[in-house]
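Here are the chains, one letter per residue:
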Amino acid sequence: MKLMSPWLPLFFVAILAVFLGGRDSLGAEREPVNVHIPSFDISVIPFYIAKEKGYFREEGLEPSLILASPGVGINGLVAGNFHFSASAGSASTAIARNLPLKVVLVNTFKPAFWIYARENIKSPLQLKGKKLAVSSLGGLSHTLARLALKNAGLDPDREVVMIAAGTTDIRLAALKSTAVDAAVLNAPGKFKAKKAGLNEVLFIGEQIDSLSGGVATTSELIQTRPETVQRF
């Protein structure tokens with residue numbers, strides 16, 4: 001015992017931690033769930049806080065938070081690759097197309113989306129004939145941008161070129177590189193754009209009431225595993 005390395009007990013603790021991964025404090029296995037995360041922005045903060053603070057663990061769940069664009073995530077949700085999606089807005093658009101999904105939680109009805117543009121564009125009307133980056137065609141940012149621009153006096157389907165560019169970071173990068181003239185951003189991309197000297201053209205939340213952030217799942221999961229949905 002006198003010859004035992006002082007690091008040996010820590011080694012056994014580490015091995016035990018690996019062995020117990022996916023188990024709660026009583027040794028019961030936690031149920032794995034795949035969660036679609038559409039982007040690293042303010043709308044998904046609750047999921048990371050819940051995981052860090054152990055709220056999922058208390059409910060016997062082991063979530064895997066997986067980043068994918070809204071379109072890919074919603075398709076994956078329908079196909080059963082994801083159990084839940086943090087893109088409730090895009091899910092609501094899919095529900096309108098009769099896809100078998102349900103929104104089970106809503107964060108807010110004021111969508112936290114902004115349109116930022118290059119230095120020479122200062123008003124929504126100056127977006128006429130310009131390229132606007134959105135997450136995906138038919139996705140939430142695209143739908144909200146169309147409604148907001150229409151309220152501003154533009155025909156978004158004829159007078160603005162919508163470009164499907166992916167996540168907020170990719171849309172911001174496209175804007176900075178001049179690949180597009182403007183982009184629909186949410187936090188923290190909005191703050192990065194402001195710091196880079198780009199212009200805030202429009203706050204969509206002032207124009208449109210729409211759910212922003214939340215949880216969506218499939219009708220099948222609600223029917224077959226209602227307790228899982230409730231615990232999540």
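Residues numbered from 1 in each chain as written. Predicted model: local features only at pLDDT ≥ 70, side-chain atom pairs only at ≥ 80, totals over all residues. Heavy atoms only, no water.

### Side note on the sheet that holds strand 8 (residues 182-185)
Reasoning step 1: Pairing in this open sheet of five strands is mixed, and the strands run 7-6-8-5-9 from one edge to the other. Bordering the open sheet on either side are strand 7 (161-164) and strand 9 (199-203), each of which pairs with just one other strand. Pairwise comparison of adjacent strand axes, ignoring direction, gives a mean angle of 30 degrees for this sheet.
Reasoning step 2: The sheet contact formed by strand 5 (residues 114-117) and strand 8 spans four bridges and is antiparallel. Bridge pairing in strand 8 places Trp-114 opposite Leu-185.
Reasoning step 3: Its contacts with the sheet put helix 7 (residues 168-176) on strand 5, strand 6 (131-134) and strand 8, and the angle it makes with strand 8 is roughly 160 degrees. (Pairing = 2+ DSSP bridges. Helix = DSSP H or I, 4+ residues; strand = E, 2+ residues; numbered from the N terminus. Axes fitted to C-alpha atoms, helices over the stretch in contact; angles between N-to-C directions. Contact = heavy atoms within 4.5 Å.)

### Points about unusual backbone geometry
Keep in mind that most residues, glycine aside, have a negative phi and that most peptide bonds are trans.
Reasoning step 1: Geometrically, the link from Ala-187 to Pro-188 is a cis peptide bond, its omega value of 5 degrees lying close to zero.
Reasoning step 2: Phi at Asn-98 is positive, roughly 70 degrees, even though this residue is not glycine.
Reasoning step 3: Along the chain, Asn-98 falls in the loop between helix 5 (88-96) and strand 4 (101-108).
Reasoning step 4: For Asn-98, a relative accessible area of 70% gives the class exposed.
Reasoning step 5: Even without being glycine, Thr-178 reaches a positive phi, approximately 70 degrees.
Reasoning step 6: For Thr-178, the location among the structural elements is in the loop between helix 7 and strand 8.
Reasoning step 7: Judged by relative accessible area, Thr-178 falls into the partly exposed class, the value being 47%. (Buried < 20%, exposed > 50% of the residue type's maximum accessible area, 1.4 Å probe, protein only.)

### Details of helix 5
Reasoning step 1: Within helix 5, the full set of buried residues consists of Ala-88, Gly-89, Ser-90, Ala-91 and Ala-94.
Reasoning step 2: Positioned one or two residues after helix 5, Asn-98 has a phi angle of 70 degrees, which is positive.

### Some words on the pattern of salt bridges
Reasoning step 1: The final tally for this structure, using the stated rule, is eight salt bridges.
Reasoning step 2: Where Arg-30 meets Glu-62, a salt bridge forms, and the shortest distance between an N and an O atom there is 2.7 Å. Taken together, the residues span a long stretch of sequence, with Arg-30 in the loop between helix 1 (8-19) and strand 1 (31-37) and Glu-62 in strand 2 (residues 61-67) at a distance of 32 residues.
Reasoning step 3: A relative accessible area of 13% means that Arg-30 is categorised as buried.
Reasoning step 4: As a salt-bridge pair, Arg-118 and Glu-119 come within 3.6 Å of each other at their nearest N and O atoms.
Reasoning step 5: Its relative accessible area of 40% is what places Glu-119 among the partly exposed residues.
Reasoning step 6: When salt bridges that share partners are traced, they join Glu-31, Arg-225 and Arg-231 into one network. (Salt bridge = Lys/Arg side-chain N within 4 Å of Asp/Glu carboxyl O.)

### Topic: the packing of aromatic side chains
Reasoning step 1: Applying the stated criterion across every chain yields a total of four aromatic pairs.
Reasoning step 2: Between the aromatic rings of Phe-56 and Phe-232, the centroid separation amounts to 5.2 Å while the plane-to-plane angle is 25 degrees, which identifies the pairing as stacked. Of this pair, Phe-56 sits in helix 3 (residues 55-58) while Phe-232 sits in the segment after helix 11 (226-231), placing them 176 residues apart in sequence.
Reasoning step 3: The exposure class assigned to Phe-56 is buried, which follows from its relative accessible area of 7%.
Reasoning step 4: Where Phe-84 meets Phe-232, the ring centres are 3.9 Å apart and the plane angle is 5 degrees; that geometry is what we call stacked. Of this pair, Phe-84 sits in strand 3 (residues 84-85) while Phe-232 sits in the segment after helix 11; the two residues are 148 residues apart in sequence, bridging distant segments of the chain. (Phe/Tyr/Trp six-rings, centres within 6.5 Å; stacked < 30°, edge-to-face > 60°.)

### Here we look at the environment of Ser-136
Reasoning step 1: On the secondary structure map, Ser-136 appears in the loop between strand 6 and helix 6 (140-151).
Reasoning step 2: The spatial distance from the C-alpha of Ser-136 to the C-alpha of Thr-167 is 8.8 Å, given a sequence separation of 31 residues.
Reasoning step 3: The residues touching Ser-136, leaving out its near neighbours within four places in the chain, are Pro-70, Gly-71, Ser-141, His-142 and Ala-164.

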